[in-house]
Amino acid sequence: FVAVLIYGMGSAADRLIGSIGDYSSWGEVWAITAIGGLIGGFIAYYIAGTIYHWRVKWSKGHDDENTSKHIWLFSGLPIAATSLLSLIFNQMAYGSDYFNGEGTTVDVIILLVSIAAIIYSINISYKAVRYVQKVERGRAIWWFIIAPAIFYIIVFGIGFASAL
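Before going into details, it helps to say that this report is about the structure given with it. (Residues numbered from 1 in each chain as written. Predicted model: local features only at pLDDT ≥ 70, side-chain atom pairs only at ≥ 80, totals over all residues. Heavy atoms only, no water.)

Side note on the side chain of S59
Link 1 in the chain: By the secondary structure assignment, S59 is in the loop between α2 (26-58) and α3 (65-94).
Link 2 in the chain: When residues no more than four places from it in sequence are discounted, the contact partners of S59 are V135, E136, R139, A140, W143 and F144. (Helix = DSSP H or I, 4+ residues; strand = E, 2+ residues; numbered from the N terminus. Contact = heavy atoms within 4.5 Å.)

Given below as structure tokens:
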């Protein structure tokens, strides 16, 4: 339950950060993050966890959907944690001034930490499916290293393009 909540809150925080100028108080931001995170975390756990399990099966791994969902969840926690840390540190450093919608020094630092978290998440996801789910090496490299890396490159590319 706690891992699902953290994951969901991190995802909600990530979405809020992109439109932080639309909010007027930290209470509002944290309420949306908590409630949206709880609901979104459980929805993501079942939908994204199931899709992750399909990737395990396509990689000729064990047909254990619960284990696949747990691997997906725990490998995503470092990324979710960076979004939560961004809100926490921006609240401490800037208070209500953060709602002006301008990028901050904290955001730049969190961006670098996020890149490291993504690399770490891809790494632990790959290792977990290789050793726990016993997937084939070549297929696992595609589904758990190359495909996620392409996805994140596209996401960052779109994010940078929209920021220009």
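Re unusual backbone geometry
Link 1 in the chain: Its identity as a non-glycine residue notwithstanding, K60 has a phi of 65°, on the positive side.
Link 2 in the chain: Residue placement: K60 occurs in the loop between α2 and α3.
Link 3 in the chain: Notably, K134 is not glycine yet its phi reads approximately 55°, a positive angle.
Link 4 in the chain: With respect to the element layout, K134 can be found in the loop between α4 (105-131) and α5 (137-163).

What to know about the nonpolar core
Link 1 in the chain: In this structure, Y7, Y52, V56, W72, L73, V129 and F144 are the most contacted members of the largest nonpolar core, which totals 18 residues.
Link 2 in the chain: Looking at this core, the elements that each hand over two or more residues are α1 (2-18), α2, α3, α4 and α5.
Link 3 in the chain: With five residues, α3 is the single largest residue contributor to this core.
Link 4 in the chain: Other than its neighbours up to four places away in sequence, W72 contacts Y7, A44, Y45, A48, G49 and Y52. (Core = buried A, V, L, I, M, F, W, Y, C linked by side-chain atoms within 4.5 Å. Buried < 20%, exposed > 50% of the residue type's maximum accessible area, 1.4 Å probe, protein only.)

A short note on the packing of aromatic side chains
Link 1 in the chain: A complete count under the given rule lists eight aromatic pairs for this structure.
Link 2 in the chain: With a centroid separation of 5.0 Å and an interplanar angle of 85°, the aromatic rings of Y45 and Y46 are classed as edge-to-face.
Link 3 in the chain: A residue is classified by how much of its surface remains accessible, and Y45, at 10% relative accessible area, is buried.
Link 4 in the chain: Look at F151 and Y152: their rings are 5.2 Å apart centre to centre, the planes differ by 70°, and that puts the pair in the edge-to-face class.
Link 5 in the chain: Members of the aromatic cluster, joined through ring pairs, are W58, W142 and W143. (Phe/Tyr/Trp six-rings, centres within 6.5 Å; stacked < 30°, edge-to-face > 60°.)

Side note on the environment of G76
Link 1 in the chain: Here G76 is to be found in helix α3.
Link 2 in the chain: Residue class for G76 comes out buried when judged on its relative accessible area of 10%.
Link 3 in the chain: Distance from G76 to E65, taken between C-alpha atoms, is 17 Å for residues eleven residues apart in sequence.
Link 4 in the chain: Filtering out sequence-adjacent residues up to four positions away, G76 remains in contact with Y7 and S121.

Focus: the pattern of salt bridges
Link 1 in the chain: Scanning all chains against the criterion turns up three salt bridges.
Link 2 in the chain: For R15, the salt bridge identified is with D14, shortest N-O distance 3.9 Å.
Link 3 in the chain: Looking at D14, the relative accessible area reads 44%, which means it is partly exposed. (Salt bridge = Lys/Arg side-chain N within 4 Å of Asp/Glu carboxyl O.)

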